[in-house]
Amino acid sequence: MLRQLLLLAHLLGVIAWIGGMFFAYFCLRPAAAKVLQPPLRLPLWSATFARFLPLAALAVAAIFGSGLAMLLQVGFANAPAGWHAMFTIGLVMIAVFGYVWLALFPQLRDHCAAADWPAAGADLLRIRQMVALNLLLGLATVVAAVSAR
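No experiment lies behind these values; they were computed from the predicted model shown.

Asks: Run through the packing of helix 2 (residues 38–74) against helix 4 (residues 117–147), naming residues and quoting values.
Replies: Put simply, helix 2 and helix 4 touch, their axes get as near as 10 Å, and they point 45° apart. For the element pair helix 2 / helix 4, the angle class is oblique. You can see that helix 2 and helix 4 cross each other, and the crossing is left-handed. Here Pro38, Pro39, Leu42, Pro43, Trp45 and Phe49 of helix 2 come into contact with helix 4, specifically with Trp117, Ala120, Gly121, Leu124 and Ile127. Split into classes, the residues belonging to the contact of helix 2 with helix 4 amount to 10 nonpolar, one polar and no charged.

In structure tokens:
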């Protein structure tokens, strides 16, 4: 029963985090770029991240906590190689997320508040690059999860 609850928490966290990044990157970004000029588009992104990043942090905590608990139940030595890959890639993804939330997002927020659109645009570009990286790493973790036996 505990394993099923841990797996549920893990999967719900993954759906929220990866799904949110997928939506932002492939749906919201192109739509916002098409219909909004920078003085409207960049504050939209700032407001979106202000809502998404704290929720994503909860998802990240659920993923990490549940994943570590399941790994410890089995033991590192007995865990499949795919689990080790997921854990390692997950740590990198968490570092990337932390960089976005704690370093890049505050810059975007501050540049938007100052109406410094070129600087805010550069911040958003760096965030987009980090989101693309985490989406690729997320795909790699799914491959690791499917290959784990």
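There is more to say after this.
Asks: I'd like a description of the packing of aromatic side chains, backed by residues and values.
Replies: If you walk through the whole model with that rule in mind, you get eight aromatic pairs. When the centroid spacing of 4.8 Å and the interplanar angle of 40° are considered together, the rings of Phe22 and Phe26 count as tilted. Here the residue Phe22 and the residue Phe26 both occupy positions in helix 1 (residues 2–35), the gap between them amounting to four residues, near one helical turn. Aromatic side chains Phe97 and Trp101 sit 5.7 Å apart centroid to centroid with 45° between the ring planes, which places their arrangement in the tilted category. With a gap of four residues between them, Phe97 and Trp101 both fall in helix 3 (residues 81–113), about one helical turn apart. Judged by relative accessible area, Phe97 falls into the buried class, the value being 8%. Judged by its relative accessible area of 29%, Trp101 is partly exposed. The residue whose ring lies beneath Arg29 is Tyr25, and the NZ or CZ to ring-centre distance is 4.7 Å.

Asks: Could you give an account of the nonpolar core, with specific residues and numbers?
Replies: Ranked by internal contacts, the top residues of the largest apolar core, which has 29 residues, are Trp17, Trp45, Phe49, Phe97, Leu108 and Ile127. Among all residues touching Ile127, those that are not within four sequence positions of it are Phe49, Val100, Leu104, Phe105 and Leu108.

Rules used throughout
Residues numbered from 1 in each chain as written. Predicted model: local features only at pLDDT ≥ 70, side-chain atom pairs only at ≥ 80, totals over all residues. Heavy atoms only, no water. Axes fitted to C-alpha atoms, helices over the stretch in contact; angles between N-to-C directions. Helix = DSSP H or I, 4+ residues; strand = E, 2+ residues; numbered from the N terminus. Parallel < 35°, antiparallel > 145°, perpendicular 65-115°, else oblique. Left-handed = near helix turned anticlockwise from the far one by under 90°. Contact = heavy atoms within 4.5 Å. Nonpolar A, V, L, I, M, F, W, Y, C, P; charged D, E, K, R; others polar. Phe/Tyr/Trp six-rings, centres within 6.5 Å; stacked < 30°, edge-to-face > 60°. Buried < 20%, exposed > 50% of the residue type's maximum accessible area, 1.4 Å probe, protein only. Lys NZ or Arg CZ within 6 Å of the ring centre and 35° of its normal. Core = buried A, V, L, I, M, F, W, Y, C linked by side-chain atoms within 4.5 Å.

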